[in-house]
Structures are given as C-alpha cells and as structure tokens.
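# Secondary and tertiary structure notes
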Amino acid sequence: MIKNGFTEWPEDFAQAYRDAGYWRDQTIGEVLAERFARFADRTALIAEDGAHYTYADLDRLSTRLALHFKNLGLQPYDRVIHQIPNGPVSVLTFLGLLKAGAVPVMTLPPHREAEIGHFARLSGARGYAIASQVREFDFQALAGTVQEQNPSLEFVLVTGGMPGPGYQSIDAMLLDPIEERAGSTSLPRPDPDFPAVLLLSGGTTGIPKLIPRTHNDYAYNFLRCAEVCGLDGETSVLVAVPQAHNFALACPGLLGTLATGGCELLSANTATEQLMKLIETHRLTHFIAVPTMILGLLDHPERGKYDLSSLRMILTGGSKLNPEVALRLRPELGCDVLQVLGMAEGPLYWTRLEDPDDVRLHTQGRPQSPGDEFRIVDPESGKEVAPGEVGELWCRGPHTIRGYYRADEHNTRAFSSDGFYKSGDLVRLHESGNIVVEGRNKDCINRGGEKISAEEIENHLIAHGSVLNCAVVAMPDAIFGEKCCAFVVPAPGASLTLEGLCDFLIKERKIARFKLPERLETLDALPLTNVGKINKKALREIIVQLQQAA
Ligand code: J2J
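Residues numbered from 1 in each chain as written. Predicted model: local features only at pLDDT ≥ 70, side-chain atom pairs only at ≥ 80, totals over all residues. Heavy atoms only, no water.

Strand order in the open sheet formed by nine strands is S4-S3-S15-S14-S16-S17-S18-S19-S20, and the pairing between neighbours is mixed. Edge positions in the open sheet fall to strand S4 (52-54) and strand S20 (366-367), since each of these has one partner strand only. Across four bridges, the pairing between strand S14 (residues 236-239) and strand S15 (residues 263-266) is parallel. Bridge pairing links Ser236 to Cys263 in S15. This element, helix H3 (residues 55-72), spans strand S3 (43-46) and S4 of the sheet and lies at about 80° to S4. Helix-sheet contacts for helix H4 (residues 88-99) involve S3, S4 and S15, and the interaxial angle to S15 is about 120°. (Pairing = 2+ DSSP bridges. Helix = DSSP H or I, 4+ residues; strand = E, 2+ residues; numbered from the N terminus. Contact = heavy atoms within 4.5 Å. Axes fitted to C-alpha atoms, helices over the stretch in contact; angles between N-to-C directions.)

Right under this line is the structure:
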C-alpha cells in the first residue's frame, strides 16, 4: 500500500518479518537509548582533532538538539535536508533529528543547487542543516536560493559560522542546556513502520530518487550488519566515506558501531596520509572503505612511516574490489577484508569471516539476513537464468524497500510485480553460494563508489547551446575504477572544450563537482544500435581504444 508517498510492505510480509524477530517495533531512537545507557562511559565518537565523546555525551547533546528542534516548531515526520560534512556535529544533528521524530534527507557535501533544490522539492523539506562554508563554498547563500524556490523550507540550521538573519545556529544550541529549563522534555515517538530517514539512490535515472528506510527495516539492517561483521565493544572504526552514505550510516557504519558498544572516528578528510595518522594515533581496528581508499593506502609511498598494526579488518564495498588488491592486504597490512555488495535500497551481500580465502577474495558475498530472497534473472523476460550464468540481481527482504519515495511511475519499472527490487547489477552465482558481480545493466558511472547517472548529466549537457547531441559513459580509471567521459556532437560551427563544458555545468547548471565529465570526445554523430538507440557499448569501446593508443 502507498501511504504518504511511501510503499509499505504487504501485510503478510510485515507479519512474517515480525514473527521471525527481524522487526521489533522499536524506533531507532529506542534501540540507541538502550545502548546510550548501557555503554554510557565508553567512548562512542572520536573527532579528527582528537576530542572524545562518550555514549552519555552523544545522548545528552543529541537530546539537547532534539529539544531545540522541537522548540523551533519542527514536527514529527518533517523532512530535514542534512548536508553537514563528517564530524561530531554531523552525527549529533543526525541523532537529534531522529530523536525529534524528524526525517533526515541525507545529502552529500558536494551537492549544489541542482541536487539540493530537487531534494527539497521532492521531499517537501521543512528544514535544511548545513555547515556555513565548506572549501570556500557558501552554503548559507545556497540555502537562501533553495528557500526562495521552496517556501515550505522554513528552518535553516547552521554550524561553523555566524548564521544569517532568520537562520539558527546548531553550535549555539549545543551550548544551551534547554533540557534544564524546558517545561517538557518529552519527545515524540515516531511510528516504527514509518520512514526514519531518506537516503539518495545511486542514480540511474535523469532525476535522482529518494529511498525511504523505516525504523523497523533500518534498525534490523544495522543490528544484523554489525553481527555479520563481528563488531563488538573492542571495535574502533575509521569512516572516511561521507556520513550520508548508507555504508557509513548503517552498514555497519555509525549506527552498527553504536549498537555494539564500539567507537567511531568519522573523518571529513580522505587524504591517505591523514587516514594513516588517525589509525596510528587512535589505534583503530576497522576501516570502512571504498576500494579506491584501500588502493591509496597500499600504494602510499609513506606507508612504512606509520604504525598500522592495530588495523584488523577492512570492510569494503561500493565498487568491486580487485582480487589482486585483496590478496595484498594480509601480507602487507596484516589485516583481513570483508566485501559487501551494498545498495542504499537495502540489499546487503557480505562475504563472511568463516568463508575460505578464495571465496572471500573472489566473491561479493551472500545476503546478510536469512529473510532475504534473491533471483538472478534474464532482465528481458524476468525468468531465472541457469545456476552459474550471468543475470540481473533482484532482491526482496526485511530491509529492502518496496518503492522509492513519491515515485509511483518509476516504481512500476524498478520493482517486479511481486516486490523484488531490480538492482541493475549483473551477477553470477558462485559454487560457494555467494554471488560475483560481473557488470551492470544500468546506465551509471561508478566513480570510486560514488554513482553518477549518465542520463542526469546528459540532460544537463544538452542544455548547452553548442551541444547538438551527447552521451555520457564510464571510462576505465586505475584509481577510481571509472570516470565520466562525455561524447558530444557539437552544433554546426561550434567548438567545445572540456573546461568550457565543466564551467557551464558548475556555473549554469549548478551540479556537484564529482559528477563532471573528465574527458570530452567530439564526434560527427553518435553510433546507434540497430533499434536506433545510442550505442553506449560502442562508445565505451572507443574510449578504451583511445586510452590504449595514448
Ligand atoms: C561491485 N559493485 C558494487 C561491490 C556496491 C555498503 C556498501 C556500498 C553501498 C553502495 C552501500 C559493490 N562490488 N562490492 O549502500 O550499504 C555497486 C552496485 C550497487 C550500487 C549501489 C552499502 N557494492 N556496488 O554502494 O546505493 O552497482 O550503495 O547496485 O551507493 O553500487 O550503490 P549505493
């Protein structure tokens, strides 16, 4: 059933997930409250500057923020865009919003007017939480623009600078003990079957989608994930992936770490040398990393200078880990690796600690929950392929969504009639029962784990007066795995440069920088398939040939 733009699980599935104990009808706040009390004196969070926050600190400060948010007029289920870079304030704001019963919309620091404006419209957000300025970019000015276009956006919450007129300071709220004077310190309890958070989809369509994760589904997601990854009170996790990512937030990320009494260091800085310093200084045991970060660590010329002996485990996903890189981890870093094929839509496939080495290095795992179901199908017919053959992965389970937020039309294509999420990943079943990712059946570029929708960028490029036609494809890259390459047919007489196009995308189209094409090729015409579609396979081959010829 669709309610408030959100597709519920059918009643019989919901009942089965409750009966099996996956859904416990607790809010995420309630799950955490029990941990905040149980682990009160332990360190929960370490800041890059070395400041420590105990579980009791996180509890007290996030409740304080929640009470301030409520006092401002924020209501249960109000959506609030969260765009604060990794660090204690991003964690406290996220937890404060959950405690206030609001629904954070988790966006990335590089997102700009095009993305934030879209998410504000789509979610009907009432609030926007930002850092005043990040790398010279003025987020308060962006908030002003987004507010002008979205009158429902009433509250702008700012950290790290003097808030403009009408905006609220998160830093001032953190220093103001409202809990000591407020008449009522009660906070609302949201319905565990309602969305707790809206995540962003990996992006395969022209317009990015929002992913509603309920308290029931997301709590089970992070509790089970922490269990599969073997986290416990001794675990200290380094996370340098942006907190808005499902991986960093709950797989096992922040929430899985807090659920098991461990501590997290959430770094905004992703430079390898800084990460090595943090591992050495804080004797961190686990590293949540995309494969690009692992490569950065292994190949860093200064690695020998740092004591990384505390590192026991790397949890990696987002893009495929090259088995040759995986093989180097034990001899060179003395640590193990678990791979995850993860999706913000919910499915999580993990290799297991007990899997033989060969399986751990060469597969991307099996479903994390016994309640998960999957099919490997021929995408055209929807029929299952023979075991061992490559097909598209379709997933259904207690933490896999049944529909994107307010996207009824798209949902009919993205989900099968019986509720399986069509992942667009091409996989094959390995003899171990795990799956191996072989490619994809969706039009996106995976740049070091960050997904870029080709169609979204093409729609922006075609708005340029000198672009007659265009296609964006992935080109191989030694570090990021893939980068964006734009093939463009210029308008008659026009000449185009990569710099000029990027300038246009940033200044006129106002998109996030990580989505920019990193190579431009001009053609007289785009190659077509025999049914008249743009032949992207041919374009990918062209770019590989050009790279090889160089
Ligand atoms: C190949 N492709 C992979 C892998 C994801 C944990 C980790 C990652 C994500 C994530 C996540 C891959 N090998 N090991 O949400 O909780 C590609 C697939 C997949 C898409 C999803 C998590 N791990 N991928 O990356 O929603 O194509 O989630 O469908 O950003 O990333 O992207 P996203």
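All right, on to the environment of Pro398 then. Turning to its location among the elements, Pro398 is positioned in the loop between strand S22 (391-396) and helix H15 (408-414). We classify Pro398 as buried; its relative accessible area is 0%. Sequence-wise, Pro398 and Gly371 are 27 residues apart; in three dimensions their C-alpha atoms are separated by 6.2 Å. Those residues in contact with Pro398 that lie beyond four places of it in its chain are Trp9, Tyr17, Tyr22, Trp23, Asp217, Tyr220, Ser369, Gly371 and Asp372. (Buried < 20%, exposed > 50% of the residue type's maximum accessible area, 1.4 Å probe, protein only.)

Around the ligand, a shell composed of 18 residues is seen, among which Val340, Ala344, Asp425, Lys442 and Lys451 lie nearest. One nitrogen or oxygen atom from the side chain of Asn246 is found 3.0 Å from an oxygen atom belonging to the ligand. Here an oxygen atom of the ligand sits 2.5 Å away from a polar atom, N or O, in the side chain of Asp425. Burial of the ligand by the protein chains amounts to 92% of its free accessible area of 610 Å². Here the residues of the shell around the ligand are counted per class, giving eight nonpolar, six polar and four charged. (Near = heavy atom within 4 Å. Polar contact = N/O pair within 3.5 Å; in protein donor to acceptor, adjacent residues only side chain to side chain. Areas by Shrake-Rupley, 256 points an atom, 1.4 Å probe, with all protein chains shown as cover. Nonpolar A, V, L, I, M, F, W, Y, C, P; charged D, E, K, R; others polar.)

Everything listed is a geometric property; what it means functionally is a separate question.
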